[in-house]
Amino acid sequence: MSNPTPVLPVVSARGVTLKLADGTELIDGMSSWWSALHGYNHPKLNQALSDQSQKMSHVMFGGLTHEPAITLAKRLIDITSDNLQHVFFADSGSVAVEVAIKMALQFWYAQGEHKKTKLLTVNKGYFGDTFGGMAVCDPVNGMHEMFTDVLPQHIFAEAPKSLTEGAWDESYIHDFKQKISENHAQIAAVIIEPMVQNAGGLRFYHAEYLQAVRELCNKYNVLLILDEIATGFGRTGTLFAYEQANIQADILCLGKALTGGYMTLSAVLTSRKVVAGIEADGKGVLMHGPTFMANPLACSVANASIDLLLASPWQQRVKAIESQLARELAECNQLNTVKEVRVKGAIGVVELHEPIDVAWSQKQFTAEGVWLRPFGKLVYVMPPFIIKEQELKKITQAIFKILS
Ligand SMILES: Cc1ncc(COP(=O)(O)O)c(C=O)c1O
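We now turn to the structure provided with this report. (Residues numbered from 1 in each chain as written. Predicted model: local features only at pLDDT ≥ 70, side-chain atom pairs only at ≥ 80, totals over all residues. Heavy atoms only, no water.)

## Regarding the overall build of the protein
Moving on, step 1. On a plain count of helices and strands, the protein comes out with twelve helices and 16 strands.
Moving on, step 2. Over its C-alpha atoms the protein spans a radius of gyration of 21 Å, differing by no more than 12% from the 22 Å that the globule rule assigns to 404 residues.
Moving on, step 3. Dimensions of the protein, computed from the C-alpha atoms along their principal axes, are close to 60 × 55 × 45 Å.
Moving on, step 4. Residue burial in the protein is summarised as follows: out of 404 residues, 55% are buried.
Moving on, step 5. Taking contacts inside the protein between residues at least 6 apart in sequence as the whole, the part at least 24 apart equals 72%.
Moving on, step 6. Surface exposure of the protein reaches about 17,700 Å², of which carbon and sulfur atoms provide 53%. (Helix = DSSP H or I, 4+ residues; strand = E, 2+ residues; numbered from the N terminus. Rg over C-alpha atoms; globule rule 2.2 N^0.38 Å. Buried < 20%, exposed > 50% of the residue type's maximum accessible area, 1.4 Å probe, protein only. Contact = heavy atoms within 4.5 Å. Areas by Shrake-Rupley, 256 points an atom, 1.4 Å probe, with all protein chains shown as cover.)

Structure representation (structure tokens):
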């Protein structure tokens, strides 16, 4: 807008380092919003992109298909739960959420269930910036409250209790149980971010909660959409966060780290059951078809990124980041500006009592040689998995120093 917070011109990025126009180098603690898990400018990802660009950068995905998309679809089916057998490629995380919602609505509509048009979700969620996603973001803190009057009205249960509020208790699911039991006749699907609520507050919750959500969806004949856009590809310590609750989604959204942070691409996976439901009206089409669906450059770099991730010791790396963040950020607990420190996988969060001034903090962090972008009361770190101990230490020391 006319008076934005200052922005820093980046001229190149390599490994975990961003280089600014004035020569300043910053260690990246953000992975470009959860996506650059291998760091920047990786030779294998560069190669995949350049090889594919010599064949074709794009071709429409209606009536035509291509090897990078076929390979990626097979790969995603292989690495996710057994029930997920179909893949739809879309442009971004938000669009994946739109497509997932559409799949759920079409599933019921095509079977003559015209009343199942609502979604059930939990407070403090975040699902993107398009209208379908905005309608299930936290109604107050979801960054979209100004649009409330024009959004479809869905059903919200209390946010899951945070892990830091204590051990699992059956009462934690009470409100969700009540909402689904009272409204299931109108509910097409539950949509939730598994294990971690991301941009809505960086909150970690109990696996038992997610298990109970799955059981209640089964009991009341409601589909379950899991949004793994932020958590997918190892960030929480397992390849996908839902594995920690040992459950399966009916519809799964992937994005962000899918291409190793190189470009925008998302995927929505679903089961044979959902596809059969959508086909029940005899038309046999999902009503969505973006121009850049399954872009070959993006699919090729995604294939290379998944190969790279699975061939790397990513579990050990995420564990090492987790222990270091827990050890070093714990120091912040002694500061009276700090409400709570929490860590899960390669995500470290320092929650403050008061919102932080973003422009001020950006200047301070930059002067310490690190790149962090806090929001609200949250100062958080989610580094590329290849970060070295000394580099991560520089980030945690900067956080302690600035918050002091
Ligand atoms: C869980 C979740 N879903 C959806 C989105 C939207 O993704 P995108 O920004 O790629 O549209 C985000 C973005 O932060 C997210 O964290």
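Don't stop here, the text continues.
## Focus on the layout of surface pockets
Moving on, step 1. Considering only enclosed or pocket space, the largest pocket measures out at about 930 Å³ in volume.
Moving on, step 2. Lining the largest pocket are 33 residues, with W33, W34, Y126, A199 and K256 sitting closest to its centre.
Moving on, step 3. Of all the secondary-structure elements, those providing two or more residues to the lining of the largest pocket are α1 (31-34) and α4 (93-109).
Moving on, step 4. A per-class count over the lining of the largest pocket returns 17 nonpolar, eleven polar and five charged.
Moving on, step 5. In terms of lining, the second largest pocket is formed by 21 residues, of which the most central are K124, G200, G201, R203 and E351.
Moving on, step 6. Looking at the lining of the second largest pocket, the element that brings in the most residues is strand β13 (residues 338-344), giving three residues.
Moving on, step 7. Classifying every residue of the lining of the second largest pocket by side-chain character gives six nonpolar, six polar and nine charged. (1 Å grid on protein atoms, 1.4 Å probe; cavity = no way out; pocket = protein on both sides within 12 Å on 5 of 7 lines; lining within 4 Å. Points joined across faces, edges and corners; volume = space filled by probe spheres on them. Nonpolar A, V, L, I, M, F, W, Y, C, P; charged D, E, K, R; others polar.)

## Comments concerning the pattern of salt bridges
Moving on, step 1. In total, this model carries eight salt bridges according to the counting rule given.
Moving on, step 2. Put simply, D175 and K179 hold a salt bridge, and the shortest N to O gap is 3.1 Å. With D175 and K179 both in helix α6 (residues 174-183) and four residues apart, this pair spans about one turn of that helix.
Moving on, step 3. A residue is classified by how much of its surface remains accessible, and D175, at 16% relative accessible area, is buried.
Moving on, step 4. Taking relative accessible area as the criterion, K179 reaches 22% and is therefore assigned partly exposed.
Moving on, step 5. With its nearest N and O atoms 2.9 Å apart, the salt bridge here joins R342 to E340.
Moving on, step 6. With a relative accessible area of 5%, R342 lands in the buried category.
Moving on, step 7. Put simply, K339, E340, R342 and E351 are held in one network by salt bridges that share partners. (Salt bridge = Lys/Arg side-chain N within 4 Å of Asp/Glu carboxyl O.)

## Quick word on the side chain of H66
Moving on, step 1. As for its placement among the helices and strands, H66 is situated in the loop between α2 (43-55) and α3 (67-79).
Moving on, step 2. For H66, a relative accessible area of 4% corresponds to the buried category.
Moving on, step 3. Of the polar contacts made by the side chain of H66, one reaches the backbone oxygen of A294; its length is 3.0 Å. (Polar contact = N/O pair within 3.5 Å; in protein donor to acceptor, adjacent residues only side chain to side chain.)

## Some details on the sheet that holds strand β10 (residues 223-227)
Moving on, step 1. Ordered by their spatial adjacency, seven strands build an open sheet running β4-β12-β11-β10-β7-β5-β6, and the pairing between neighbours is mixed. Looking at which strands have only one partner, the edges of the open sheet turn out to be β4 (84-90) and β6 (155-157). Across this sheet, the average inter-strand angle for adjacent strands is 20°, counted without regard to direction.
Moving on, step 2. Examined bridge by bridge, β4 and strand β12 (residues 266-271) share six bridges and lie antiparallel to one another. (Pairing = 2+ DSSP bridges. Axes fitted to C-alpha atoms, helices over the stretch in contact; angles between N-to-C directions.)

## Brief notes about the site of the ligand
Moving on, step 1. Neighbouring the ligand are the residues S92, G93, S94, Y126, F127, G128, E193, N198, D227, I229, A230 and K256.
Moving on, step 2. One of the backbone nitrogen or oxygen atoms of G93 is found 2.9 Å away from an oxygen atom of the ligand.
Moving on, step 3. Take K256: an N or O atom from its side chain is 3.0 Å from an oxygen atom of the ligand.
Moving on, step 4. Considered on its own, the ligand offers 390 Å² of accessible surface; in the complex 83% of this is hidden by protein.
Moving on, step 5. According to the grid-proximity analysis, the pocket containing the ligand is the largest pocket.
Moving on, step 6. Partitioned by chemical class, the residues of the shell around the ligand number four nonpolar, five polar and three charged. (Near = heavy atom within 4 Å. Sits in = over half its atoms within 2 Å of the grid points.)

## Observations concerning helix α7 (residues 207-219)
Moving on, step 1. Given a rise of 1.5 Å per residue, 13 residues ought to cover 18 Å, and the 18 Å separating the end C-alpha atoms of α7 matches this to within 8%.
Moving on, step 2. Taken together, the buried positions of α7 are occupied by A207, Y209, L210, A212, V213, R214, L216 and C217.
Moving on, step 3. Packing partners of the buried residues in α7 comprise β5 (118-122), α6, β7 (187-192) and β10.
Moving on, step 4. N221 sits one or two positions beyond α7 and adopts a positive phi of about 60°. (Expected span 1.5 Å × (residues − 1).)

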